[in-house]
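Each chain is listed here by its residues.
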Amino acid sequence: MDQKKTKEIEKEVRTNLEKGRDYVIHFLNWMIRAVTVGIICGLVGAVFHRSLEYVAELRMEHGWLLYFLPISGILIVFCYRICGVGYDRGTNMVLDSIHSSETMFFRTTPLIFIGTLLTHVCGGSSGREGAALQIGGSLGSTIGRAFSLDEKERNILVMCGMSAVFTAMFGTPITATIFSMEVISVGIIYYSAFVPCIISSVIALGITSIFQIQPTQFALSYIPELSPIVCIQVILLSIVVAVVSILFCSAMHHVSHLYRKLIRNQYKRIIVGGCLVILMTLLVGNRDYNGPGMEMVERALTSDVPRFAFLLKIIFTAITLGAGFKGGEIVPSLFIGATLGNVAAPLLGMDPIFGAAIGMIAFFCGVVNCPIASIMLSLELFGGADVLLFCIACGVSYVFSGYYGLYSSQKIMYSKLEAKYINRKSQ
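Rules used in this analysis
- Residues numbered from 1 in each chain as written.
- Predicted model: local features only at pLDDT ≥ 70, side-chain atom pairs only at ≥ 80, totals over all residues.
- Heavy atoms only, no water.
- Helix = DSSP H or I, 4+ residues; strand = E, 2+ residues; numbered from the N terminus.
- Rg over C-alpha atoms; globule rule 2.2 N^0.38 Å.
- Buried < 20%, exposed > 50% of the residue type's maximum accessible area, 1.4 Å probe, protein only.
- Contact = heavy atoms within 4.5 Å.
- Patch = residues over 30% accessible without salt bridge, like charges linked within 9 Å, V, L, I, M, F, W, Y side chains within 5 Å.
- Areas by Shrake-Rupley, 256 points an atom, 1.4 Å probe, with all protein chains shown as cover.
- Salt bridge = Lys/Arg side-chain N within 4 Å of Asp/Glu carboxyl O.
- Pairing = 2+ DSSP bridges.
- Phe/Tyr/Trp six-rings, centres within 6.5 Å; stacked < 30°, edge-to-face > 60°.
- Lys NZ or Arg CZ within 6 Å of the ring centre and 35° of its normal.
- Disulfide = S-S within 2.5 Å.
- Expected span 1.5 Å × (residues − 1).
- Polar contact = N/O pair within 3.5 Å; in protein donor to acceptor, adjacent residues only side chain to side chain.
- Axes fitted to C-alpha atoms, helices over the stretch in contact; angles between N-to-C directions.
- Parallel < 35°, antiparallel > 145°, perpendicular 65-115°, else oblique.

## A closer look at the overall build of the protein chain
Looking only at helices and strands, the protein chain has 16 helices and 3 strands in total. In terms of C-alpha radius of gyration, the protein chain reaches 23 Å, essentially the compact-globule figure of 22 Å for 427 residues. With the C-alpha coordinates aligned to their principal axes, the bounding extent of the protein chain is approximately 90 × 60 × 45 Å. Within the protein chain, the fraction of its 427 residues that count as buried is 56%. Taking the intrachain contacts of the protein chain between residues at least 6 apart in sequence as the baseline, contacts between residues at least 24 apart amount to 76%.

Structural data, given as structure tokens:
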């Protein structure tokens, strides 16, 4: 072999070694960042989880706390005002921070933490995962600035934070990872964020296990055998669920706009909202629709539920969050989907328990426009039982829910009906 050829081989080997070294350094850097986010967000998420459990027990033990809901609303508005946040955009703020150069600040974490606790302890109808996304996004952005990362790298840490706190709240690391990557721009997934997000999620899951927080899981008492008739039943139920998901998204957006149009003062707005929740609770005659509603989800997956439970939860949640109370929309979405599926399934010849499971996953897919994350959610909640039916349900719900969604800042990049680039925001 001549000297020239030898030098060329040596140069190629040296170049490959340098590239390999760069890959290893890059990977280790992201491992350090992801582990840091996982530890911090996992700890905050675990404390948040335990705090919500505590205030839920307080609310159930002391029913009179419901009548302090308007006062808790005043405290929420006051906290946001003194921190210089005049108008809170909720989870949309997290999505906007990734789409643009907008920065999320640390103050979001204590504000949404306290605001959600105040909402839950007094019986406001809101969830927890939406708050978790805001906490995780805020912490991820703050850690990114501490590491002196550029805008694109900070965005990955925002997704890591979302994944970690979502995992801490629900115990579903795969769903949390895929959801954080998929929800931002439907049709385009930031695969570069996959390893950091899954690492942060796993670390957060480990931390919650130290706090003895159990993952959310359900055992289905009945699973039908796969057949053409069952597939048709699942498709029909998913279409019904998708239509109701449009109703829920529309109610959430329109009630919020109506509040702001009719009552411009934030304090008056949230007082009116609190009073309406109290009045509706007294009219209904029970507390089934206050708080997140996981108890009703469990009930729908084991027995019968009230016929119009899904509709009442839509009203309670829209009035609560539209007025300015804090929390999230995801657990209420699971409530609505599970109760709707439980009631609608027998009308289609389906078992109500299995219908509740299909309804819950399909409704989640319909309101967040994330079919892959929804399929992962079915795997982590139900253990992979008849995942093919859940895949069908998610696909049908995704298509028939149109371009509606809970998050108006969410971008849908491709048409749901044809191979066409549209790049539009959800309605």
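Next comes the rest of the description.
## Comments concerning a nonpolar patch on the surface
Side chains of I39, I40, L43, V47, I210 and F211 sit close together on the surface and give an oily, nonpolar patch of about 500 Å² of accessible area. Examining the composition of the nonpolar patch, we find that 4 residues originate from one element, helix α1 (residues 3-61), more than from any other. Structurally, V47 can be placed in helix α1.

## Thoughts on the pattern of salt bridges
Under the criterion given, the structure shown has 1 salt bridge. For E53, the salt bridge is made with R50, and the minimal N-O distance between the two is 2.6 Å. Here E53 and its partner R50 are both found in helix α1, 3 residues apart, which amounts to about one turn of the helix. We classify E53 as partly exposed; its relative accessible area is 32%.

## Focus: unusual backbone geometry
Within the chain, Q212 stands out as a residue other than glycine whose phi angle is a positive 60°. Take Q212: it is sitting in the loop between α8 (194-210) and α9 (228-262).

## Topic: the pairing of strand β3 (residues 421-425)
Pairing of strand β2 (residues 411-414) with β3, which is carried by 3 bridges, proceeds in the antiparallel orientation. Counterpart to Y414 in the pairing with β3 is Y421. In this antiparallel pair of consecutive strands, β2 and β3, the connection spans 6 residues.

## As for the packing of aromatic side chains
Scanning the model with the defined rule gives 12 aromatic pairs in all. Between F48 and F113, the aromatic rings sit 4.9 Å apart at their centres with planes inclined by 50°, giving tilted as the arrangement. Of this pair, F48 sits in helix α1 while F113 sits in helix α4 (residues 108-121), placing them 65 residues apart in sequence. With a relative accessible area of 0%, F48 lands in the buried category. Between Y414 and Y421, the ring centres sit 5.5 Å apart and the planes meet at 75°, which makes this aromatic pair edge-to-face. Under the relative-accessibility criterion, Y421 is labelled partly exposed at 48%. Over the ring of F170 we find R128, and its NZ or CZ is 5.5 Å from the ring centre. Here the basic side chain of K416 rests over the ring of Y403, its NZ or CZ set 5.9 Å away from the ring centre.

## Comments concerning the state of the cysteines
Applying the stated criterion across every chain yields a total of 0 disulfides. C41 takes part in no disulfide bond, and the closest cysteine sulfur, belonging to C160, lies 8.7 Å away. C394 carries a free sulfur, and the closest cysteine sulfur to it, the one in C365, is 4.7 Å from it. C394 gets classed as buried once you look at its relative accessible area, which sits at 0%.

## A few points about helix α6 (residues 151-170)
Helix length check: α6 (20 residues) gives 29 Å between terminal C-alpha atoms against 28 Å at 1.5 Å per residue, within 8%. Among the 20 residues that make up α6, 17 are buried, leaving the element largely enclosed by the rest of the structure. Between a side-chain oxygen at the N-terminus of α6 and the backbone nitrogen of K152 the separation is 3.3 Å; the capping residue is D150.

## Description of the packing of helix α2 (residues 69-82) against α4
Between α2 and α4, the least distance of the axes is 9 Å, while the angle of their chain directions is 170°. One way to sum up the angle between α2 and α4 is to call them roughly antiparallel. Contact residues: α2 offers L69, S72, L75, I76, C79 and Y80, while α4 offers L111, I112, G115, L118 and T119.

## Focus: the pairing of β2
As defined by bridge partners, strand β1 (residues 185-186) adjoins β2 across 2 bridges and the pair is classed as parallel. In the strand pairing of β2, S185 is matched with K411.

## Thoughts on the side chain of T281
Positionally, T281 belongs in helix α10 (residues 266-284). Among residues more than four places away in sequence, those in contact with T281 are L66, N286, R287, N290 and F316.

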